[in-house]
Amino acid sequence: MKVAIVGASGAVGQEFLRILAERNFPMDELVLFGSERSAGKKYTFKGKEYEVKLLQHNDDFKDVDIAFTSAGAGISKEYAADITKYGAVMIDNSSAFRMDDDVPLVVPECNAGDALNRPRGIIANPNCTTIMMVVVLQPLEKLSHIKRIRVSSYQSASGAGAAAMDELEQQYKELLAGAPVTVKKFPHQLAYNVIPQIDVFQPNGYTKEEMKMYNETQKIMHTDAKCSATCVRVSSLRSHSESVWIETEKPISIEDARKAIAAAPGCTLQDDPANLVYPMPLGTAGKDDIYVGRVRKDISDECGLTLWLSGDQIRKGAALNAVQIAEYLIEVGNVK
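These figures come from a predicted structure and were not determined experimentally.

Please clarify how the overall build of the protein chain should be interpreted in this entry.
Within the protein chain, the secondary structure is distributed over nine helices and 14 strands. In terms of C-alpha radius of gyration, the protein chain reaches 20 Å, essentially the compact-globule figure of 20 Å for 336 residues. Taken over the C-alpha atoms alone, the protein chain extends approximately 60 × 55 × 40 Å along its principal axes. Within the protein chain, buried positions represent 52% of all 336 residues. Pairs at least 24 apart in sequence give 66% of the contacts found in the protein chain among residues at least 6 apart. For the protein chain, the distance from the average position of its 38 positive side-chain charges to the average position of its 44 negative side-chain charges is 1 Å.

Shown next, in the form of structure tokens:
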């Protein structure tokens, strides 16, 4: 098994290395790729040093079995043919192919089997906020069909990459020092602030990030549920959170909802409000599961439930989900 990571120097690329090591992913060879800026950098994986190779239009992927790509949609589109030319499975973390009919969009807890039908050799990793939400909604969908979803996300700096995390820390230092505040990665200062915009606005008034949650949820869950989202950037460093309201065809009791979430793969129920126990980014950073709390009836809707969730955007929201897809393919013997 030969594995490649494209975008190895980025926040998600680095997380790929950590997760592959932690999970003892079955591979014999590893090769790292990056841009001209990253080429030549060296990283240690399981005690061995690897040098980042320059990503080029050539036959470097000829013997690769699985390629994890996280270098942006433009790079994914440009190099997809080179990566998949000789049969490598491309598991892509960008938005490049997510809504293409001939590219499966996969969250293993929801639709692992979709990964087996990939005419172009590409499997798309969904948007981080969508991944986190559908992992929690899937067990509730089994209790009663979800008709509508309303969600507000509280997304940390990590969602904009390693440089954005560095900028947030820099902003706090600058503010404390009374120095001018650096603003490059966000439309406004993020420190001591929240920004009700993630990605660019669309003609309907929603942002691209919000429309991803609408479209990707339907594709992953094979559902007609409509999702209305407001995505907000907050000044936490790592881990996203979401406040979610759902309307189901039949009422679901709080007890049944909690049992379903607690038993679901990839979920941890952390719901004891009497003792001030509920998920928060500080506690979910670095964790694999999506943590769920504040499960309660929607007092405005007999068939409604509302809940709060938090999870590590770089792990389950990105690298971990992609690695789980690869693990599933290996388990069922569906790699080239």
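For this particular structure, what's the right way to read the sheet that holds strand 13 (residues 290-297)?
Within a sheet, each strand pairs with its neighbour through backbone hydrogen bonds, oriented either parallel or antiparallel. With mixed pairing, six strands are arranged side by side in an open sheet as 10-9-11-14-13-12. If you trace the sheet from one side to the other, it starts and ends with strand 10 (226-233) and strand 12 (267-269), each paired once. Each strand axis lies, on average, 25 degrees off the axis of its neighbour in the sheet, ignoring direction. Where strand 9 (residues 146-155) and strand 11 (residues 240-248) come together, eight bridges link them in antiparallel fashion. Paired with I146 across the strands is T248, a residue of strand 11. Relative to strand 10, helix 6 (residues 208-221) is tilted by about 145 degrees, and along the sheet it contacts strand 9, strand 10 and strand 11.

I'm lost on the nonpolar core in this one. Help?
A general trend in soluble globular proteins is that nonpolar side chains are found buried together. Within the largest apolar cluster, 54 residues are counted, with the highest numbers of intra-cluster contacts made by F61, L137, I149, V244 and L307. The leading source of residues in this core is helix 4 (residues 128-141), at eight residues. If we skip the residues at most four places from it in the chain, L137 touches I146, I149, M221, V244 and I246. In terms of nonpolar packing, the next biggest core, distinct from the first, is built from 42 residues, A8, L20, M165 and L320 among them.

Would you explain the pairing of strand 13 in this entry?
The side chains of a regular strand alternate, residue by residue, between the two faces of the sheet. Of the strand pairs in this sheet, strand 12 and strand 13 are connected by three bridges, and their pairing is parallel. Looking at strand 13, one finds that C267 is bridged to I290. Counted along the chain from strand 13 to the antiparallel partner strand 14 (residues 304-311), the turn is six residues long.

Please explain the sheet that holds strand 6 (residues 66-69) as it appears in this structure.
The six strands lie next to each other as 5-2-1-6-7-8, forming an open sheet whose pairing is parallel. In this open sheet, the two edge strands, each paired with only one partner strand, are strand 5 (53-54) and strand 8 (122-124). Sheet analysis places strand 1 (residues 2-6) next to strand 6, joined by four bridges and oriented parallel. By the bridge assignment, V6 is partnered in strand 6 with T69. Packed on one face of the sheet, helix 1 (residues 11-22) meets strand 1, strand 2 (29-34) and strand 6 and runs near 150 degrees to strand 1. Relative to strand 7 (residues 89-92), helix 2 (residues 73-84) is tilted by about 155 degrees, and along the sheet it contacts strand 1, strand 6, strand 7 and strand 8.

Please explain the packing of helix 4 against helix 6 as it appears in this structure.
Helix-helix packing: each pair is described by the crossing angle between the helix axes and the interaxial distance. Axis separation between helix 4 and helix 6 bottoms out at 10 Å; the angle between their running directions is 40 degrees. Looking at the two axes, helix 4 sits oblique to helix 6. Helix-helix and strand crossings are classified by hand; for helix 4 and helix 6 the assignment is right-handed. Of the residues in helix 6, those in contact with C128, T129, T130, M133, V134, L137, Q138 and E141 of helix 4 are E209, K212, M213, E216, T217, I220 and M221. Its residues placed into classes, the contact of helix 4 with helix 6 shows seven nonpolar, four polar and four charged.

Teacher, can you tell me more about the environment of E109 here?
Tracing the sequence through the fold places E109 in helix 3 (residues 108-111). Counting along the chain gives 72 residues from E109 to R37, while the straight-line C-alpha distance between them is 36 Å. Each residue touching E109, except ones within four places of it in the same chain, is listed here: V135, Q138, P265, G266, K316, N321 and Q324. A polar atom in the side chain of E109 sits 2.9 Å from the side chain of K316.

Where do I start with a positive patch on the surface in this structure?
A grouping of R37, K41, K184 and K185 is seen on the molecular surface, where their side chains present a positively charged patch. Among the structural elements, K185 can be located in the loop between helix 5 (162-177) and helix 6.

What should I look at first to understand unusual backbone geometry in this one?
The phi angle of most residues is negative, glycine excepted, and most peptide bonds adopt the trans form. The phi angle at D199 is positive, at roughly 75 degrees, despite the residue not being glycine. Relative to the helices and strands, D199 resides in the loop between helix 5 and helix 6. The class for D199 is partly exposed, based on a relative accessible area of 33%. Backbone geometry at S239 places phi at a positive 90 degrees, although glycine is not the residue there. Within the fold, S239 resides in the loop between strand 10 and strand 11.

Quick notes on the rules
Residues numbered from 1 in each chain as written. Predicted model: local features only at pLDDT ≥ 70, side-chain atom pairs only at ≥ 80, totals over all residues. Heavy atoms only, no water. Helix = DSSP H or I, 4+ residues; strand = E, 2+ residues; numbered from the N terminus. Rg over C-alpha atoms; globule rule 2.2 N^0.38 Å. Buried < 20%, exposed > 50% of the residue type's maximum accessible area, 1.4 Å probe, protein only. Contact = heavy atoms within 4.5 Å. Lys, Arg positive; Asp, Glu negative; His and termini not counted. Charge placed at Lys NZ, Arg CZ, Asp CG, Glu CD. Pairing = 2+ DSSP bridges. Axes fitted to C-alpha atoms, helices over the stretch in contact; angles between N-to-C directions. Core = buried A, V, L, I, M, F, W, Y, C linked by side-chain atoms within 4.5 Å. Parallel < 35°, antiparallel > 145°, perpendicular 65-115°, else oblique. Left-handed = near helix turned anticlockwise from the far one by under 90°. Nonpolar A, V, L, I, M, F, W, Y, C, P; charged D, E, K, R; others polar. Polar contact = N/O pair within 3.5 Å; in protein donor to acceptor, adjacent residues only side chain to side chain. Patch = residues over 30% accessible without salt bridge, like charges linked within 9 Å, V, L, I, M, F, W, Y side chains within 5 Å. Areas by Shrake-Rupley, 256 points an atom, 1.4 Å probe, with all protein chains shown as cover. Salt bridge = Lys/Arg side-chain N within 4 Å of Asp/Glu carboxyl O.

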